[in-house]
Amino acid sequence: MRKTSFLWLEVTGKCQLSCLHCYADSGPSGTHGTMAVGDWVRVMDEAAELGVEMVQFIGGEPTLHPYFLLLLDHALKRELKVEVFSNLVRISEGLWNAFSRPGISLATSYYSDDADEHAIITGRPSYARTRANIIEALRRSIPLRVGLINVQDGQRVEEAAAELKALGVIEIGTDRLRQVGRGVRHQKTDLSQLCGKCAQGVAAVSNNGEVWPCVFARWMPVGNVHRHTLSEILTGPKMTETAAQLTTYFDACPVNTCSPDDCDPVCIPDCSPSCGPNCNPSCNPNCQPNCAPQCGPTCDPIKCKPRECWPAFSVNSP
């Protein structure tokens, strides 16, 4: 099991939007959970001491946390690289100033170049605000990547990608619908919804203190930071057991039968909202695990080995 170098910090379940596919099942009625600001500070301190290099603030909408700026500041003080995954619906001047600091980058999701289609997916008229704030981030030269998530049939994903490129967005990734949370449609939530790199140098901490091997593997808790230190959890028997289970499952994937369409062009970890920005030039172009988590959406999707083709192999989820 590789040393953890990337952490998702899901600081809140509250969000202005009610996206049809939200894996975290967040929305306006969401809460900040049981993690107090001191708990998050302690987790970041422990992460820095363990050698974690980057954290990604997620939610919900992380900027809605009442102490978000304090948490952001503390991450920088601990010399952690930071990415903020925001819906970019409402960004105050104070937030823009914070995002302009060295060591911080932004990420957001985008769905369509059609405002009505975008609104259907996000649950409110959000297209104009998100688009305007993408433009503002670019104007301020804040590192930004955008994930296009294909949620429904006929969605204008290609047109949205063209629009983003025309605006000047360079890092654009794509992802399929993950059937987790509100994303569940015709498949059950199980290991087939994961990218195959969970627990391989990455982990997630929820707003209730639970630690998961991935933000999508929410049914596989390996510990809780309210009861144990981050080090005890990440090196503990439950994480070791879970990592072994995942490895066994994904190693059984017959790679040579995979369709390139199933491979997201975003190194490791390759499921939105996970990828770290600013791909390191030394990264393996075949999307090997030693790229994690510094690779942006630059991998060749034809060369990348997909991990979504194991119909004959199953593992019972805990």
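You'll find the structure just up there.
Residues numbered from 1 in each chain as written. Predicted model: local features only at pLDDT ≥ 70, side-chain atom pairs only at ≥ 80, totals over all residues. Heavy atoms only, no water.

Peer 1: Which parts of the structure should I look at to understand the overall build of the chain?
Peer 2: Counting its regular elements, the chain contains eight helices and nine strands. For the chain, with 318 residues in total, the buried portion stands at 57%. Long-range contacts, defined here as pairs at least 24 residues apart, represent 70% of the contacts in the chain between residues at least 6 apart. For the chain, the accessible surface area stands at approximately 13200 Å², while carbon and sulfur atoms represent 51% of it. (Helix = DSSP H or I, 4+ residues; strand = E, 2+ residues; numbered from the N terminus. Buried < 20%, exposed > 50% of the residue type's maximum accessible area, 1.4 Å probe, protein only. Contact = heavy atoms within 4.5 Å. Areas by Shrake-Rupley, 256 points an atom, 1.4 Å probe, with all protein chains shown as cover.)

Peer 1: What is the right way to read the pairing of strand E2 (residues 54-58) from this model?
Peer 2: Taken residue by residue, a regular strand's side chains alternate between the two faces of the sheet. Counting buried positions along E2 yields five of five residues, so the element is predominantly enclosed. Judged by which residues are buried, E2 turns out to be covered on both faces: Met-54, Gln-56 and Ile-58 on one side and Val-55 and Phe-57 on the other are all buried. Viewed along the sheet, the connection from strand E1 (residues 6-10) through helix H1 (residues 37-50) into E2 turns out right-handed. Both E2 and strand E3 (residues 81-85) contribute to a ladder of four bridges, which runs parallel. Paired with Phe-57 across the two strands is Val-84, which belongs to E3. In this fold, E2 hands off to helix H2 (residues 68-77), which returns the chain to E3; that crossover is right-handed. (Right-handed = clockwise from strand over helix to strand, strands pointing away. Pairing = 2+ DSSP bridges.)

Peer 1: Mind showing me how you'd approach helix H5 (residues 127-139) here?
Peer 2: Three- or four-residue spacings in an α-helix give side chains the same orientation, since the helix completes a turn every 3.6 residues. Its 13 residues place the ends of H5 18 Å apart at the C-alpha level, agreeing with the 18 Å of an ideal helix rising 1.5 Å per residue. For H5, the full list of buried residues reads Tyr-127, Thr-130, Asn-133, Ile-134, Glu-136 and Ala-137. Of the surrounding secondary structure, the elements contacted by the buried residues of H5 are helix H3 (93-99), strand E4 (104-110), helix H4 (115-122), strand E5 (144-150) and helix H6 (157-167). Once H5 ends, the next one or two residues include Ser-141, with phi positive near 60°. (Expected span 1.5 Å × (residues − 1).)

Peer 1: I tried to follow the side chain of Thr-130 on my own but got confused; where do I start?
Peer 2: Residue placement: Thr-130 occurs in helix H5. Ignoring any residue separated from it by four or fewer positions in sequence, one finds Thr-130 in contact with Asn-87, Leu-88, Val-89, Thr-108, Ser-109 and Tyr-110.

Peer 1: Help me understand the packing of H5 against H6, please; the structure alone is not making it clear to me.
Peer 2: The description of two packed helices rests on the angle between their axes and on the distance between the axes. Between H5 and H6, the shortest axis-to-axis distance is 10 Å and the interhelical angle comes to 35°. In this structure, the crossing between H5 and H6 has a hand that is right-handed. Residues Tyr-127, Arg-131, Ile-134, Ile-135 and Leu-138 of H5 form the contact with H6, whose participating residues are Glu-163, Leu-164 and Leu-167. Here the residues of the contact of H5 with H6 sort into six nonpolar, no polar and two charged. (Axes fitted to C-alpha atoms, helices over the stretch in contact; angles between N-to-C directions. Left-handed = near helix turned anticlockwise from the far one by under 90°. Nonpolar A, V, L, I, M, F, W, Y, C, P; charged D, E, K, R; others polar.)

Peer 1: Got a minute to help me understand the environment of Val-43 in this structure?
Peer 2: Along the chain, Val-43 falls in helix H1. Once the C-alpha coordinates of Val-43 and Leu-230 are considered, the two residues, 187 residues apart in sequence, prove to be 6.7 Å apart. Setting aside chain neighbours within four positions, we find Val-43 in contact with Leu-9, Met-35, Val-205, Val-225 and Leu-230.

Peer 1: Sorry if this is basic, but what is going on with unusual backbone geometry here?
Peer 2: In most cases, non-glycine residues show a negative phi, while peptide bonds are predominantly trans. A cis geometry characterises the amide bond from Gly-59 onward to Gly-60, with omega recorded as 15°. Topologically, Gly-60 is positioned in the loop between E2 and H2. Notably, Leu-88 is not glycine yet its phi reads approximately 55°, a positive angle. As for its placement among the helices and strands, Leu-88 is situated in the loop between E3 and H3.

Peer 1: Would you mind showing me how to read the environment of Leu-246 here?
Peer 2: Residue position: Leu-246 is located in helix H8 (residues 237-251). Taking relative accessible area as the criterion, Leu-246 reaches 3% and is therefore assigned buried. Separated by 33 residues in sequence, Leu-246 and Pro-213 place their C-alpha atoms 9.5 Å apart.

Peer 1: Would you mind showing me how to read the packing of aromatic side chains here?
Peer 2: When we look at a pair of aromatic rings, we describe it by the centre distance and by the angle of the planes. Inspection of the entire model under this criterion finds five aromatic pairs. Taken together, a centroid distance of 5.2 Å and an interplanar angle of 85° make the contact between Phe-6 and Trp-8 edge-to-face. The class for Trp-8 is buried, based on a relative accessible area of 0%. Taking the centre distance of 5.8 Å and the plane angle of 80° together, the rings of Phe-57 and Phe-68 count as edge-to-face. Here Phe-57, found in strand E2, pairs with Phe-68, found in helix H2; they are 11 residues apart in sequence, far enough to count as distant. On the accessibility criterion, Phe-57 (0% relative accessible area) is buried. (Phe/Tyr/Trp six-rings, centres within 6.5 Å; stacked < 30°, edge-to-face > 60°.)

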